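# Observations on the model geometry
Residues per chain, in single letters:
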Amino acid sequence: MPDTAVVTGAARGIGRAIAARLAREGWQVVVADLDAAGLAVVADESGALAVPGDSSTDAGVRHLVDTAYEHLGHVDVFFANAGIGTLKGLDASDAEWARALETNVLAHVRASRLLVPRWLEAGGGRLVVTASAAGLLTMLGDAPYSVSKHSAIAFAEWLSATYRHRGIVVQAICPQGVQTRMLEESGPLRDLLTRDATVSADDVADAAWEALAGDDFLVLPHPEVRDYYAERAAHPDAWLAGMNRLQQKLDHRTADQQENA
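Model, not experiment: these values are computed from the prediction.

Using the criterion set out here, one finds three aromatic pairs in the structure. Look at Trp 27 and Trp 209: their rings are 5.8 Å apart centre to centre, the planes differ by 70 degrees, and that puts the pair in the edge-to-face class. Taken together, the positions of Trp 27 in the loop between helix H1 (13-24) and strand E2 (28-33) and Trp 209 in helix H8 (residues 201-211) put the pair 182 residues apart, joining distant regions of the chain. Of the two residues, Trp 27 and Trp 209, both sit in the buried class. Between Phe 155 and Trp 158, the ring centres sit 6.3 Å apart and the planes meet at 15 degrees, which makes this aromatic pair stacked. Of this pair, Phe 155 and Trp 158 both sit in helix H5 (residues 143-163), three residues apart, roughly one helical turn.

Following this line, the structure appears as structure tokens:
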């Protein structure tokens, strides 16, 4: 079992829970987040090294990876967990689209450029991407999030197909509703995201930990996502019609909330 890891987006939610679980298992961990104060708390709790900064930028991820190697000596697993949403559709600005793509996709690309050559030289490594069920299905009410998470899955698939035979393991964690601040701030989408049972960030961390024992690409804290994904592939028009019915319910709920505000 590997014993060193980097976790981005670790100041709260899923990233914090993953860092805590790894620390309990005796791993050496480096944590990163834009929230320096929150990250310091996580580092204090878990004994991890905090590297505050923007790990979606080229300079930020380069600093993170270099610091991690200096501190740990090697990086067995990189948890590309940082992610953002916009709660917008066609009204999302170019800047909001760019930020979502930078954080949810290009951060993984930039990390991989630095990590994969080192892993190939070392004989192996593992990238675990927090992609969300939105990356396999869709996310009503948030076009940039949905599109960028689909892209995150596509990039992870490409990495796995390209480097699997050379010791690089790539996995994608794809939960639905998770009891985090992102869910709390999801507004009208909250009812949709909690249509199936929600899980805690600790539950997702447990699923991630168990996945490290193997090399399955999809890590599904909500097992029903596998059935949804299969239905989408087998009957795309029926699936889209069903999603549109959910959108209509969301439209009505939003209209009612605005009327009663």
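All right, on to unusual backbone geometry then. Positioned with a positive phi, Leu 87 is a non-glycine residue whose angle comes to about 55 degrees. With respect to the helices and strands, Leu 87 occurs in the loop between strand E4 (77-80) and helix H4 (94-122). For Leu 87, a relative accessible area of 41% gives the class partly exposed. A positive phi angle is found at Ser 132, which is not glycine, with a value near 80 degrees. Tracing the backbone shows Ser 132 in the loop between strand E5 (125-130) and H5. We classify Ser 132 as buried; its relative accessible area is 11%.

Our next topic: the sheet that holds strand E7 (residues 218-219). Pairing within the open sheet is parallel, and its seven strands lie in the order E3-E2-E1-E4-E5-E6-E7. Looking along the sheet, the strands with just one partner apiece sit at the ends: strand E3 (49-52) and E7. Two strands pair when backbone bridges link them, and E5 and strand E6 (residues 168-173) are joined in this way by six bridges, in the parallel orientation. The residue bridging Gly 125 from the neighbouring strand is Ile 168, located in E6.

Another aspect to go through is the environment of Ala 205. As for its position among the elements, Ala 205 is in helix H8. Judged by relative accessible area, Ala 205 falls into the buried class, the value being 3%. With 184 residues separating them in the primary sequence, Ala 205 and Arg 21 have C-alpha atoms 6.7 Å apart. The contacts of Ala 205, once residues within four sequence positions are left out, are Ala 17, Ile 18 and Arg 21.

Basis of the calculations
- Residues numbered from 1 in each chain as written.
- Predicted model: local features only at pLDDT ≥ 70, side-chain atom pairs only at ≥ 80, totals over all residues.
- Heavy atoms only, no water.
- Phe/Tyr/Trp six-rings, centres within 6.5 Å; stacked < 30°, edge-to-face > 60°.
- Helix = DSSP H or I, 4+ residues; strand = E, 2+ residues; numbered from the N terminus.
- Buried < 20%, exposed > 50% of the residue type's maximum accessible area, 1.4 Å probe, protein only.
- Pairing = 2+ DSSP bridges.
- Contact = heavy atoms within 4.5 Å.

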